[in-house]
Amino acid sequence: MGSVGVGLVDCHCHLSAPDFDHDLDDVLEKAKKASVMALVVVAEHSGEFEKIMQLSERYNGFVLPCLGIHPVQGVSSEDQRSVTLKDLDIALPIIENYKDQLLAIGEVGLDFSPRIAGTDEQKEEQRQVLIRQVQLARRLNLPLNIHSRSAGRPTISLLREQAETCETVAFNFNLLRNRFTCTWTRKTGTE
């Protein structure tokens, strides 16, 4: 497998966000100078998929793509809503198209914040979306990048129900952990 240098991996970032449109090259250069070896870029909705894959091609080996449907849909805080199976149905063919180029399925999970999922029906639909993405990850032999807000126990419970996939995720994470130090960063006005 060769020698792997010491460095950091940002294991969850949103480089496809419009915030990075004007200075992405500068941000990535600063990351490299700070010993970041790779950036795991996650998606929230299918509208980001093409941009993430383009970034992955442009920064091959440095930007590692994850495609998935986040439990919260909507770009601005005013139009945020709970994910639906229709959102997933739109995304699945695109994910399938790029399956051989993905590091993981993500960002996926549950978000039971009352303003997002205020009804039992919305919570159950989020569960069904997550279950289908867990099944997809299992079929593609990919790990998951998980989001959980106001739903820690339900998320863990669902993943335990999917025990075979959880073992795969833990195994893949341990492989990654043994090679890299994982951290997270966010864009700020400072260096």
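As the structure is a computational prediction, the values presented were derived from the model and not from experiment.

How each quantity is defined
- Residues numbered from 1 in each chain as written.
- Predicted model: local features only at pLDDT ≥ 70, side-chain atom pairs only at ≥ 80, totals over all residues.
- Heavy atoms only, no water.
- Helix = DSSP H or I, 4+ residues; strand = E, 2+ residues; numbered from the N terminus.
- Buried < 20%, exposed > 50% of the residue type's maximum accessible area, 1.4 Å probe, protein only.
- Contact = heavy atoms within 4.5 Å.
- pLDDT = per-residue confidence, 0-100.
- Lys, Arg positive; Asp, Glu negative; His and termini not counted.
- Salt bridge = Lys/Arg side-chain N within 4 Å of Asp/Glu carboxyl O.
- Phe/Tyr/Trp six-rings, centres within 6.5 Å; stacked < 30°, edge-to-face > 60°.
- Lys NZ or Arg CZ within 6 Å of the ring centre and 35° of its normal.
- Axes fitted to C-alpha atoms, helices over the stretch in contact; angles between N-to-C directions.
- Parallel < 35°, antiparallel > 145°, perpendicular 65-115°, else oblique.
- Left-handed = near helix turned anticlockwise from the far one by under 90°.
- Nonpolar A, V, L, I, M, F, W, Y, C, P; charged D, E, K, R; others polar.
- Arc of directions from axis to C-beta.

**Digging into the overall build of the protein chain**
- Within the protein chain, the secondary structure is distributed over 6 helices and 8 strands.
- When the helices and strands of the protein chain are placed in sequence order, the string is β-α-β-α-β-β-β-α-β-α-β-α-α-β.
- Counting every position in the protein chain, which comprises 191 residues, the buried fraction comes to 40%.
- Excluding contacts between residues fewer than 6 apart, the proportion of contacts in the protein chain whose partners are at least 24 apart in sequence is 76%.

**Focus: the confidence of the model for the protein chain**
- With 82% of its residues at a pLDDT of 70 or more, the protein chain has an overall mean of 86.
- Per-element mean pLDDT across the protein chain ranges from 34 in strand β8 (residues 181-183) up to 98 in helix α3 (residues 85-98).
- Confidence drops under pLDDT 50 across residues 165-191; counting only partners more than four residues distant or on other chains, this segment forms 33 contacts.

**Details of the side chain of Glu48**
- Examined against the element boundaries, Glu48 turns out to sit in the loop between β2 (36-41) and α2 (49-58).
- Buried charge without a partner: Glu48 forms no salt bridge, and the closest opposite charge is Lys51, 7.6 Å away.
- Setting aside chain neighbours within four positions, we find Glu48 in contact with Ser16 and Ala43.

**With respect to the packing of aromatic side chains**
- Tallying each qualifying case throughout the model produces 0 aromatic pairs.
- Above the face of the Phe62 ring, Lys32 is positioned so that its terminal group lies 4.8 Å from the ring centre.

**Digging into the side chain of Ser113**
- Following the sequence through the fold, Ser113 ends up in the loop between β6 (104-111) and α4 (120-140).
- Its relative accessible area of 9% is what places Ser113 among the buried residues.
- Among all residues touching Ser113, those that are not within four sequence positions of it are Arg149 and Ser150.

**Section: the packing of α4 against helix α5 (residues 152-161)**
- For the pair α4 and α5, the least separation of the axes is 11 Å and the interaxial angle reads 40°. With respect to their mutual orientation, α4 and α5 come out oblique. In this structure, α4 crosses over α5, and the sense of that crossing is right-handed. Within the contact between the two elements, α4 uses Arg127, Leu130, Ile131 and Val134 and α5 uses Leu158, Leu159 and Glu161.

**Looking at the environment of Cys13**
- Position of Cys13 relative to the elements: it lies in strand β1 (residues 8-13).
- Judged by relative accessible area, which is 7%, Cys13 ranks as buried.
- Between the C-alpha atom of Cys13 and that of Val41, which follows or precedes it by 28 residues, the distance is 5.0 Å.
- Among all residues touching Cys13, those that are not within four sequence positions of it are Leu39, Val40, Val41 and Val42.

**Topic: the packing of α3 against α4**
- At a closest axis distance of 10 Å, the pairing of α3 and α4 adopts a crossing angle of 15°. Put simply, α3 runs roughly parallel to α4. Judged by the sense of rotation from one axis to the other, the crossing of α3 with α4 is right-handed. Touching Leu85, Leu88, Asp89, Leu92, Ile95 and Glu96 of α3 are Glu125, Gln128, Val129, Arg132, Gln133, Leu136 and Arg139, all from α4.
- The class makeup of the residues in the contact of α3 with α4 is 6 nonpolar, 2 polar and 5 charged.

**Quick notes on α2**
- Those residues of α2 that sit buried are Phe49, Ile52, Met53, Leu55 and Ser56. Looking down the long axis of α2, one finds its buried residues gathered within 155° of arc, a one-sided arrangement. Seen from the open side of α2, the exposed residues pointing more than 90 degrees away from its buried face are Gln54, Glu57 and Arg58.
- Where α2 is buried, its residues meet α1 (24-33), β2, β3 (63-67) and α3.

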